[in-house]
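# Results of the structural survey
Each chain is listed here by its residues.
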Amino acid sequence: KKDLLPIEVTFNDDQQGLDFPANTGDEAKFQLNFLRAIGFRILHRVVAYYIGEVAAKKEIPKLSKYVSEIYSLDTFLTVARRALGLVDNFPVFLAVDEIKKGCENMSKLEFNPVSRALLALCGVLDRNENFFLSVSVYGAFEFANYRAFSSRWILLQPLPPIFPIECKGLSELNRQKL
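Just so we're clear, the structure is a prediction, and the values are computed from it rather than from any experiment. (Residues numbered from 1 in each chain as written. Predicted model: local features only at pLDDT ≥ 70, side-chain atom pairs only at ≥ 80, totals over all residues. Heavy atoms only, no water.)

## So, the pattern of salt bridges
In this structure the tally under the stated criterion is four salt bridges. Note that Glu8 is salt-bridged to Arg45, the shortest N-O span being 3.0 Å. A residue pair is termed long-range when its members are at least 10 positions apart, and Glu8 in strand β1 (residues 5-10) and Arg45 in helix α1 (residues 27-51) qualify at 37 residues. The class of Glu8 is partly exposed, set by a relative accessible area of 39%. Under the relative-accessibility criterion, Arg45 is labelled buried at 18%. Asp88 serves as the salt-bridge partner of Arg82, at 2.6 Å between the closest nitrogen and oxygen. Given the relative accessible area of 55%, Arg82 is considered exposed. (Salt bridge = Lys/Arg side-chain N within 4 Å of Asp/Glu carboxyl O. Helix = DSSP H or I, 4+ residues; strand = E, 2+ residues; numbered from the N terminus. Buried < 20%, exposed > 50% of the residue type's maximum accessible area, 1.4 Å probe, protein only.)

## Some thoughts on the packing of aromatic side chains
Within this structure, the stated rule accounts for three aromatic pairs. Taken together, a centroid distance of 5.7 Å and an interplanar angle of 15° make the contact between Phe11 and Phe34 stacked. Of this pair, Phe11 sits in the loop between β1 and α1 while Phe34 sits in helix α1, placing them 23 residues apart in sequence. Take Phe34: its relative accessible area is 0%, and that puts it in the buried class. Of the aromatic side chains, those joined through ring pairs into one cluster are Phe11, Phe30 and Phe34. (Phe/Tyr/Trp six-rings, centres within 6.5 Å; stacked < 30°, edge-to-face > 60°.)

## Topic: the sheet that holds strand β2 (residues 92-97)
Ordered by their spatial adjacency, three strands build an open sheet running β1-β2-β3, and the pairing between neighbours is parallel. Of all strands in the sheet, those with a lone pairing partner are β1 and β3 (131-135), marking the two edges. Averaged over all pairs of adjacent strands, the angle between strand axes in this sheet comes to 15°, irrespective of strand direction. Relative to β1, α1 is tilted by about 120°, and along the sheet it contacts β1 and β2. (Pairing = 2+ DSSP bridges. Axes fitted to C-alpha atoms, helices over the stretch in contact; angles between N-to-C directions. Contact = heavy atoms within 4.5 Å.)

## Here's the deal with the nonpolar core
Counting 36 residues, the largest nonpolar core has Ile7, Phe34, Ile38, Ile42, Leu73, Leu94 and Ile99 as its most contacted members. Elements supplying a minimum of two residues to this core: β1, α1, α3 (60-67), α4 (73-83), β2, α5 (99-106) and α6 (113-127). For this core, the element with the most residues is α1, which contributes nine residues. Among all residues touching Ile99, those that are not within four sequence positions of it are Phe11, Phe34, Ala117, Leu118, Leu121, Val135, Ser136 and Val137. (Core = buried A, V, L, I, M, F, W, Y, C linked by side-chain atoms within 4.5 Å.)

## Considerations on unusual backbone geometry
Located in the positive-phi region is Glu98, a residue other than glycine, with phi close to 60°. Looking at where Glu98 falls in the secondary structure, it is placed in the loop between β2 and α5. For Glu98, a relative accessible area of 9% translates into the label buried.

## Focus on the packing of α1 against α4
Interhelical geometry of α1 versus α4 gives an angle of 5° and a closest axis separation of 9 Å. Taken as axis vectors, α1 and α4 run roughly parallel relative to one another. Residues Leu35, Arg36, Ile38, Gly39, Phe40, Ile42, Leu43, Val46 and Tyr50 of α1 lie in contact with α4, whose contacting residues are Leu73, Phe76, Leu77, Val79, Ala80 and Ala83. (Parallel < 35°, antiparallel > 145°, perpendicular 65-115°, else oblique.)

## Observations concerning α4
Because the α-helix completes a turn every 3.6 residues, residues three or four places apart line up on one side. Among the residues making up α4, those that are buried are Leu73, Phe76, Leu77, Thr78, Ala80 and Arg81. Residues of α4 that are buried make contact with β1, α1, α3, β2, α6 and β3. Backbone nitrogen of Asp74 and a side-chain oxygen of the N-cap are separated by 3.1 Å at the start of α4; the cap is Ser72. Positioned one or two residues after α4, Gly85 has a phi angle of 75°, which is positive. (Polar contact = N/O pair within 3.5 Å; in protein donor to acceptor, adjacent residues only side chain to side chain.)

## Regarding the packing of α1 against α6
For the pair α1 and α6, interaxial distance at closest approach is 9 Å and the crossing angle is 65°. Between α1 and α6 the crossing geometry is right-handed. Residue-level contacts link Glu27, Phe30, Gln31, Phe34 and Leu35 of α1 to Pro113, Arg116, Ala117, Leu119, Ala120, Leu121 and Val124 of α6. The class makeup of the residues in the contact of α1 with α6 is nine nonpolar, one polar and two charged. (Left-handed = near helix turned anticlockwise from the far one by under 90°. Nonpolar A, V, L, I, M, F, W, Y, C, P; charged D, E, K, R; others polar.)

Following this line, the structure appears as structure tokens:
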């Protein structure tokens, strides 16, 4: 028996382009549309679980219409739980990949869209004790400024750059050091 529903969403790869346009200059609408973009990805994962990735791609127009009627990430989480036959308060672990890339795709705004996206996600985190969150930002980011967004613990796990092992020139450099 599983004690946690893991859901991975991304602003890259197979889920690239499942966005709602942010309205220029309006932070509240940006946050709503960002959370809708997350919810869209959650529903896409649930549909793909049942009918497969290829068939789920064909359902995107139908999902898009449905998503435009939902105004809360909590509602998306409830829909996902119910679709999978779980109770409404079943714990969910949401892993959001490349949040910075998603914010750049959605917005050309005056304010920092990554901070507003984190603020929106932390609001859901604080309201729902059965919601757990992991976010990758993709790039340098001063995370300490965003700790105040949530009353829950936030773990910062920096990842070092990953270099290809067989990069032309890099292996020669390593031999010279030996």
